[in-house]
Amino acid sequence: MIPSDPWGVRTPYAPGQPWPARVDRHTVEEPERWVQTASLLHSNGDGIDIGVRGNRIVGVRGRESDRVNRGRLDPKDVHGWQANASPDRLTRPLVRRDGKLVETGWDDAMSRIVRRSSELKPLEIGFYTSGQLFLEDYYTLAVIGKAGLGTPHMDGNTRLCTATSAAALKASFGTDGQPGSYTDVDHCDTIALWGHNVAETQAVLWMRMLDRRRGSSPPAMLAVDPRETPVAREADVHLPIRPGTNLALMNGLLRILLRRGWVDRSYITAHTQGIDDLERVVDAYPVARVAEICDLPPAGIERAAELLGGAKRLLSTVLQGFYQSHQATASAVAVNNLHLLRGMIGRPGAGVLQMNGQPTAENTRETGADGDLPGFRNWDNPSHVRDLAALWNVDMATIPHWAPPTHAMQIWRYAEQGSIRMLWISGTNPAVSLPDLARVRRILSRPDLFVVVQDIFPTATTEFADVVLPAATWGEKTGTFTNADRTVHLSEKAVEPPGEARADLDIFLDYAARMDFRDNAGAPLVTWHDAESAYAAWQRCSAGRPCDYTGITYDKLRGGSGLQWGGERLYTDGVFNTRSGYCETYGQELSTGAERPASEHSGDGRAFLLATDYRPAPEVPGAEYPMRLVTGRTVWQFHTRTKTGRVPELDRHAPSVWVELHESDAGALRIADGDVVRIESPRGAIEAPARLCGIRPGTVFVPFHYAEQAANELTRTTWDPVSKQPMFKLAAVRVRKAGS
Ligand SMILES: Nc1nc2c(c(=O)[nH]1)N[C@H]1C(S)=C(S)[C@@H](COP(=O)(O)OP(=O)(O)OC[C@H]3O[C@@H](n4cnc5c(=O)[nH]c(N)nc54)[C@H](O)[C@@H]3O)O[C@H]1N2
Ligand SMILES: Nc1nc2c(c(=O)[nH]1)N[C@H]1C(S)=C(S)[C@@H](COP(=O)(O)OP(=O)(O)OC[C@H]3O[C@@H](n4cnc5c(=O)[nH]c(N)nc54)[C@H](O)[C@@H]3O)O[C@H]1N2
Ligand SMILES: [Mo]
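Quick caveat, the model's predicted, so the values are computed rather than measured.

### Some thoughts on the sheet that holds strand E10 (residues 220-224)
Then comes step 1: Across the sheet, five strands lie side by side as E11-E10-E9-E13-E14; this open sheet has parallel pairing. Lying at the two open borders of the sheet, with one neighbouring strand each, are strand E11 (237-239) and strand E14 (351-354). On average, each strand axis in the sheet is inclined to that of its neighbour by 10°, with strand direction left out of account.

Here you go:
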């Protein structure tokens, strides 16, 4: 059962020791057998066994041998599986007839999609997928899009999630791919959490950090977050930063490190380029200026710099407080800079985790379902495109590479303008999760847009669909996925899906067969037929690239428990993936996102130190909308609640929306704890009961999980120029007591 404390009992340990095991288990009946998988409700990758009786899931237990969780489960791991058996699962395809969605057979549903695809040009077809399907699904979809249809219009909701992680890793190190490892928690002497509420969002990783904190020689901890999260309360130094000012803080911290000589000059010389520019940029950020921009006490900034500067083994984690905010890539890159300047990368305890959020976001990026070319290949490097053309035996010209891939925000814009006329949405619920929902609903209702939605439940998005495809999910299908520290897990099918629901892979394979995609020899383009053969195809595609899966077979994953690609840590030798022939990007200008041409690329195995100036956010409080809105998560709910909302053990802790306010603001607005308040932005309004708690004055927080009073009615359609990730944590709002 869930303890009232979601992190359970502590198992303290000392630096350099292995994290002790703690096996959590929750079963409602005695299982007849156990089937191996990992968690699909966050990016941590907790190893799990599913307990099965007959054709029913009856519980879960943590995998003791797993390198990620050593047996532990978080509340969503413990109870989330119950959603699979909800009575309202989609079990048959639906099509729109006379304005209404009605049940039909697979043949009818797929024929309609194929007919529409054949009527349209490739550039009129867009795909908006997920960070929650499996690697095999994404690779198949990527091949369909790039070599079958030849459309550049494919992206995942990973654009909303960890596009900045990818962009920051590419910018600094040459390619995507996490440098650090979770075992860095075991070795570090300092942990810095940059806009990451890990306690609620990767609860098992937090257990590991807490166990170090309760053991001997605990690591120091720094948290940067405008709210008093559980992380902020635990930290030795908490900087309650003004939202949208991360880059000013980072520039200021780097300046202190450089001025005090808390940097590793020999590492900088041997392994980086760009130090002169960086020093020039950050020199304009003395503490007093940063304190003013970020509204932080100067002493707090100094104290943070001392922690970072004194660390011998520094571990940083970065997530949505940086990625979904202003100047996202520049701020995330600044964390990479910090580690490069201090030579704190590629050795035990010294690591950067540019975190992922969704369980399989890493695979969306690796396989190219996010628009990139598979295997972290560079769209602007003809030899990378040629490799793929040879692998798939298609013309180079078929593979879109004349411009950067179309990012999700642009795909939605094209649909709004009418140039994309078919949008296939899989494993995501944009009618709740995209910014500015009034606009999203307008787009989805366009009569000239044919909308396909592939989901496991009826959602706010299926309401707009022309065709709804019922999918099988975790526990009902086989495949692999990779967590935030590059650990690959195999997830085996445990039970049959309900009704006629089909695995996402089978749906994509069926589409490819019906479209009759061929290679240059006239043979079928997609040669695989199930998860393991799809994986084998991906292994061939990944060979020789940073995310090389050739050594990680289903056989090795089966029975084992999680294998990392690239080894424990990347860049242990200080040689980065920046060489021109190998890198994934020739670079972008950090403040504008402008793509740099190959001719200007100077990558030679050294990492790039990149810096740019802080600029104010595109929307700041003013007379009409005087407060700042930030949005985010609670430990009990996952995203738009299609799963956790159906699990009473989770849902009852946070069944409906609320808004967090500082008591000084509440006092001024005559709002008492529990009063229903109205929150308005230039886009829309919602109502929610007030919770007076630890948050910066002038800032309000709304969890984005609730479709009925959705935070995204308020947020705005603006994105980071480099990663194109929307700014969910920046909107100006006004707040008053409802009905007043
Ligand atoms: N329980 C639960 N776990 C999840 C998920 C879930 O829905 N529920 N979703 C998963 C996914 S997909 C993701 S992406 C991750 C997200 O994981 P996190 O990034 O940890 O979660 P968020 O709550 O979105 O944002 C983190 C923090 O950013 C802070 N913040 C807001 N604005 C700023 C700012 O300007 N600067 C700084 N420094 N901080 C700011 C917020 O106060 C918030 O506490 O969680 C994953 N895990
Ligand atoms: N305001 C605000 N908005 C945000 C964020 C924020 O912090 N603030 N965070 C953003 C982030 S980081 C993320 S990741 C997104 C998440 O946003 P979404 O991806 O839209 O959220 P989910 O509820 O996870 O939607 C996943 C959908 O896939 C379905 N599904 C589950 N399993 C399967 C499967 O196996 N196959 C198929 N076909 N479907 C399946 C689920 O029922 C659900 O409808 O939200 C973003 N939006
Ligand atoms: Mo996410």
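That covers the picture; the talk isn't over yet.
### Description of a negative patch on the surface
Then comes step 1: On the surface, a cluster of negative charge is contributed by Asp506, Asp530, Glu532 and Asp555.
Then comes step 2: Structurally, glutamate 532 is set in helix H23 (residues 531-542).
Then comes step 3: In this structure glutamate 532 comes out as partly exposed when scored by relative accessible area, which is 37%.

### Thoughts on the layout of surface pockets
Gaps left between atoms show up when a probe the size of a water molecule is rolled over them.
Then comes step 1: Approximately 740 Å³ is the volume found for the largest pocket.
Then comes step 2: Taken together, 44 residues line the largest pocket, and the ones lying closest to its centre are Asp372, Trp379, Pro404, Pro405 and Glu595.
Then comes step 3: The dominant element in the lining of the largest pocket, judged by the number of residues it contributes, is helix H5 (residues 163-173), at five residues.
Then comes step 4: Considering only residue class, the lining of the largest pocket consists of 18 nonpolar, 13 polar and 13 charged.
Then comes step 5: As a volume, the second largest pocket reaches approximately 460 Å³.
Then comes step 6: Of all elements in the fold, only H5 and helix H12 (275-282) reach the threshold of two or more residues within the lining of the second largest pocket.
Then comes step 7: Looking at which element gives the most residues to the lining of the second largest pocket, the answer is H12, with three residues.

### Concerning the site of ligand 2
Then comes step 1: Taken together, 33 residues are adjacent to ligand 2, and Gln132, Asn157, Ser433, Asp455 and Thr640 come closest.
Then comes step 2: Residue glutamine 454 places a main-chain N or O atom 3.0 Å away from a nitrogen atom belonging to ligand 2.
Then comes step 3: One of the side-chain nitrogen or oxygen atoms of arginine 633 is found 3.1 Å away from an oxygen atom of ligand 2.
Then comes step 4: Contact with the protein chains hides 99% of the accessible area of ligand 2, taken as 920 Å² for the molecule alone.
Then comes step 5: For the shell around ligand 2, the elements supplying multiple residues, two or more each, are helix H4 (158-161) and strand E16 (450-455).
Then comes step 6: For the shell around ligand 2, the residue count by class is ten nonpolar, 17 polar and six charged.
Then comes step 7: Counting contributing residues, the shell around ligand 2 receives three or more from each of domain 2 (94-161 + 360-481 + 500-542) and domain 4 (627-737).

### Description of the packing of H5 against helix H16 (residues 328-341)
Then comes step 1: Relative to each other, H5 and H16 sit at 50°, their axes nearing to 9 Å. Relative to H16, H5 is oriented oblique. The way H5 lies across H16 gives a crossing that is right-handed. In this structure, H5 contributes Thr164, Ala167, Ala168, Leu169, Ala171, Ser172 and Phe173 to the contact, and H16 contributes Ala328, Thr329, Ala332, Val333, Asn336 and Leu340.
Then comes step 2: Class assignment of the residues belonging to the contact of H5 with H16 gives a composition of nine nonpolar, four polar and no charged.

### Quick notes on the pattern of salt bridges
Then comes step 1: Counting across every chain of the model gives 59 salt bridges.
Then comes step 2: Across the pair glutamate 234 and arginine 213 runs a salt bridge whose closest N-O atoms are separated by 2.8 Å. You can see glutamate 234 sitting in helix H9 (residues 230-234) and its partner arginine 213 sitting in helix H8 (residues 203-213), a full 21 residues away along the chain. Taken individually, glutamate 234 and arginine 213 each receive the classification buried, so the pair is uniform in this respect.
Then comes step 3: The salt bridge involving glutamate 619 is made with arginine 716; its shortest N-O contact spans 3.0 Å.

Here is what the cut-offs are and how they apply
Residues numbered from 1 in each chain as written. Chains lettered and ligands numbered in written order. Predicted model: local features only at pLDDT ≥ 70, side-chain atom pairs only at ≥ 80, totals over all residues. Heavy atoms only, no water. Pairing = 2+ DSSP bridges. Helix = DSSP H or I, 4+ residues; strand = E, 2+ residues; numbered from the N terminus. Axes fitted to C-alpha atoms, helices over the stretch in contact; angles between N-to-C directions. Patch = residues over 30% accessible without salt bridge, like charges linked within 9 Å, V, L, I, M, F, W, Y side chains within 5 Å. Areas by Shrake-Rupley, 256 points an atom, 1.4 Å probe, with all protein chains shown as cover. Salt bridge = Lys/Arg side-chain N within 4 Å of Asp/Glu carboxyl O. Lys, Arg positive; Asp, Glu negative; His and termini not counted. Charge placed at Lys NZ, Arg CZ, Asp CG, Glu CD. Buried < 20%, exposed > 50% of the residue type's maximum accessible area, 1.4 Å probe, protein only. 1 Å grid on protein atoms, 1.4 Å probe; cavity = no way out; pocket = protein on both sides within 12 Å on 5 of 7 lines; lining within 4 Å. Points joined across faces, edges and corners; volume = space filled by probe spheres on them. Nonpolar A, V, L, I, M, F, W, Y, C, P; charged D, E, K, R; others polar. Near = heavy atom within 4 Å. Polar contact = N/O pair within 3.5 Å; in protein donor to acceptor, adjacent residues only side chain to side chain. Domains from an automatic or database assignment. Parallel < 35°, antiparallel > 145°, perpendicular 65-115°, else oblique. Left-handed = near helix turned anticlockwise from the far one by under 90°. Contact = heavy atoms within 4.5 Å.

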